[in-house]
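Letter by letter, the chains look like this.
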Amino acid sequence: MKKRIAWSYGIIATMFLYILYYFRNSDHFAGAIAFVLTVSFFHLADRIFKIQFKKHHYAILLFMATFGVLLSQLYLLVPYYDKILPYSFPFIGCFLVFYIVNKLKIDFKTKVFFTFTIMITLIAIEEIVEFSLDWLFNLKLQGRYEGEMQGLLKIADKEQLRIVQSRITDTMTDLMLGFLGSLTFVTLKFLRNKEKDK
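Just so we're clear, the structure is a prediction, and the values are computed from it rather than from any experiment. Here, residues in each chain are numbered from 1, in the same order as that chain's written sequence. Residue-level local features of this predicted model are given only where pLDDT is at least 70; pairs of side-chain atoms are given and counted only at 80 or more, and the full residue set underlies all totals for whole chains, interfaces and linings. Hydrogens are left out, water is left out, and the side-chain values use all remaining heavy atoms of the structure.

1. Here's the deal with the packing of helix α3 (residues 55-70) against helix α5 (residues 81-101)
Where α3 meets α5, the closest approach of the two axes is 10 Å, and the angle between their N-to-C directions is 155°. What the angle tells us is that α3 and α5 run roughly antiparallel. For the element pair α3 and α5, the recorded crossing hand is left-handed. Side by side, α3 and α5 meet where H57, I60, F63, M64, F67 and G68 of the first sit next to Y81, L85, F89, I92, G93, F95, L96 and Y99 of the second. Looking at the contact of α3 with α5 residue by residue, the class counts come to eleven nonpolar, three polar and no charged. Fitting a line to C-alpha atoms yields each axis, with helices limited to the stretch in contact; the angle taken between N-to-C directions then spans 0 to 180 degrees. Think of it this way: any DSSP run of H or I at least four residues long counts as a helix, any run of E at least two long counts as a strand, and we number them from the N terminus. Any angle that falls under 35 degrees is termed roughly parallel, while one over 145 is termed roughly antiparallel, one within 65 to 115 roughly perpendicular, and all others oblique. Helix crossings fall into two classes, left-handed where the near helix is turned counterclockwise from the far one by less than a right angle and right-handed where it is turned clockwise. Only heavy atoms matter for contacts: two residues are in contact if any of them lie within 4.5 Å across the pair. Each residue is assigned to one of three groups, with Ala, Val, Leu, Ile, Met, Phe, Trp, Tyr, Cys and Pro labelled nonpolar, Asp, Glu, Lys and Arg labelled charged, and all others, Gly among them, labelled polar.

2. A look at the packing of aromatic side chains
Any two rings among Phe, Tyr and Trp, with Trp reduced to its six-membered ring, count as a pair given centres within 6.5 Å; such a pair is stacked if its planes are under 30 degrees apart, edge-to-face if over 60, and tilted if neither. All chains considered together, the criterion is met by eleven aromatic pairs. Residues F42 and F53 carry aromatic rings whose centres are separated by 4.6 Å and whose planes lie at 20° to one another, so their mutual orientation is stacked. Of the two residues, F42 sits in helix α2 (residues 28-48) while F53 sits in the loop between α2 and α3, which places them eleven residues apart along the sequence. Each residue's exposure class comes from its accessible area (1.4 Å probe, protein chains only) as a fraction of the maximum for that residue type: buried when under 20%, exposed when over 50%, partly exposed otherwise. We classify F42 as buried; its relative accessible area is 12%. Classification of F53 by relative accessible area gives buried; the value is 11%. Both rings, one in F91 and one in F95, keep their centres 5.5 Å apart while their planes meet at 90°; by these two values the pair is edge-to-face. With a gap of four residues between them, F91 and F95 both fall in helix α5, about one helical turn apart.

3. Topic: the nonpolar core
Among buried residues, those of type Ala, Val, Leu, Ile, Met, Phe, Trp, Tyr and Cys that are joined through side-chain atoms within 4.5 Å constitute a nonpolar core. Grouped together as the largest cluster of nonpolar side chains are 24 residues, with contacts concentrated most on F53, I92 and F185. Contributions of two or more residues to this core are made by α3, α5, α6 (108-137) and α7 (167-197).

4. Re the packing of α5 against α6
Packing of α5 against α6 brings their axes to within 9 Å, and their N-to-C directions diverge by 130°. Taken together, the axis directions place α5 and α6 in an arrangement best described as oblique. When you trace α5 past α6, the crossing you get is right-handed. Here α5 contributes P90, G93, C94, V97, F98 and V101 to the contact with α6, which in turn contributes F108, K111, V112, F114, T115, I118, M119 and I123. Classifying every residue of the contact of α5 with α6 gives eleven nonpolar, two polar and one charged.

5. Let's talk about the pattern of salt bridges
Here, a salt bridge means any side-chain nitrogen of Lys or Arg that lies within 4 Å of a carboxyl oxygen of Asp or Glu. Here the structure, examined in full by the defined rule, presents three salt bridges. The shortest N-O distance in the salt bridge between D82 and K83 comes to 3.6 Å. For the pair formed by D82 and K83, the shared burial category is buried. The residue K83 makes a salt bridge to D170 at a minimum N-O spacing of 2.5 Å.

Take a look at the structure:
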């Protein structure tokens, strides 16, 4: 019963955090809250479900939360920043997923396959959420835009942003980069396992 309650609260909290995350470019306060909640929920999930993440797993989470949430304005300021993350985040995110999957009593190949499919599923869900929030709130999440700073922390208004890559091209590019990032993890994992067997 306690686990069901924990799962229910976990799903609700994740949905809230997910929506808040997508408002990070519109509101710096929302971005800061999303960063704090991301780290807090990660630690809470670790404690509740007794996953026992290691220090390097927390380092991975902090890296992703910092560059994906806290410094999200770089999406609009640094060329191709939004193409580096769609490749690197699935790659390093696979280490977190594999650590959880690795606890299952299944063979190594199946563990790697599960890790790959879980990450690809998460990437697809993210794109669906991006499309939905764009349609509802016009957050300009899909497509690649460039903006200019107005003061130390403020980006130019959304209407002044310049689109430099169409929405469909941006979405498909992100999906392919995410696929390649996950595939890179799979390849390295098999190569490392092969070396251990020698």
